[in-house]
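# A look at the structure
Now for the letters of each chain:
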Amino acid sequence: MYGLTTCPHCKKTLEFLKNSGTDFEIIWLDELEGEERKRVVEEIHRISGSFSVPLVVKGSKYVVGYDEEALRELIGG
């Protein structure tokens, strides 16, 4: 999951993932600096075609924003 610590939708998505029992990693964009931050932002854009967060990625599939139904489908399938 890619997100911002100040983003309410990111916090809801994080809580959803924790409650789902699935294994996941999180990258907080606002905790990165310099070239690392720039590289991760470019990666987000490459994956989703936008700069929006939260972005949850599993394999070649992803969900942008907090969408419980889409997240269930992503982690379940």
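Preceding this section is the structure that the text describes.
Right, let's walk through the structure included here. (Residues numbered from 1 in each chain as written. Predicted model: local features only at pLDDT ≥ 70, side-chain atom pairs only at ≥ 80, totals over all residues. Heavy atoms only, no water.)

## Observations concerning the environment of G76
Stated formally: Numbering goes from the N terminus for both helices and strands, where a helix is a DSSP run of H or I of at least four residues and a strand is a run of E of at least two. A 1.4 Å probe rolled over the protein chains alone gives each residue an accessible area, and that area as a share of the maximum for its type sets the label: buried under 20%, exposed over 50%, partly exposed in between.
Topologically, G76 is positioned in helix α3 (residues 68-76). The class of G76 is exposed, set by a relative accessible area of 68%. Between the C-alpha atoms of G76 and P54, which are 22 residues apart in sequence, the distance is 18 Å.

## A word on a nonpolar patch on the surface
Just so we agree on the cut-off: Here a patch means residues that are over 30% exposed by relative accessible area and free of salt bridges, tied together within 9 Å if like-charged and within 5 Å if nonpolar (Val, Leu, Ile, Met, Phe, Trp, Tyr). In short, Shrake-Rupley with a 1.4 Å probe defines the accessible areas, and a residue's cover is counted only from the protein chains shown. A pairing counts as a salt bridge when a side-chain nitrogen of Lys or Arg comes within 4 Å of a carboxyl oxygen of Asp or Glu.
A contiguous nonpolar surface patch, about 210 Å² in accessible area, is contributed by V57, Y62 and V64. Its place among the elements puts V64 in strand β4 (residues 61-64). Looking at V64, the relative accessible area reads 33%, which means it is partly exposed.

## Some remarks on helix α1 (residues 8-20)
Defined as follows: For a helix, the expected span equals 1.5 Å multiplied by the number of residues minus one. Throughout, the arc means that of the directions going from the helix axis to the C-beta atoms.
Taking 1.5 Å of rise per residue, the 13 residues of α1 would be expected to cover 18 Å, and the 18 Å separating its terminal C-alpha atoms lies within 8% of that figure. Among all positions of α1, only C10, T13, L14, F16 and L17 are buried. Viewed along the axis of α1, the buried residues span an arc of 160°, placing them on a single side of the element. Among the exposed residues of α1, those pointing more than 90 degrees away from its buried face are P8 and N19. Immediately beyond the C-terminal end of α1, within one or two residues, lies G21, with a positive phi of roughly 80°.

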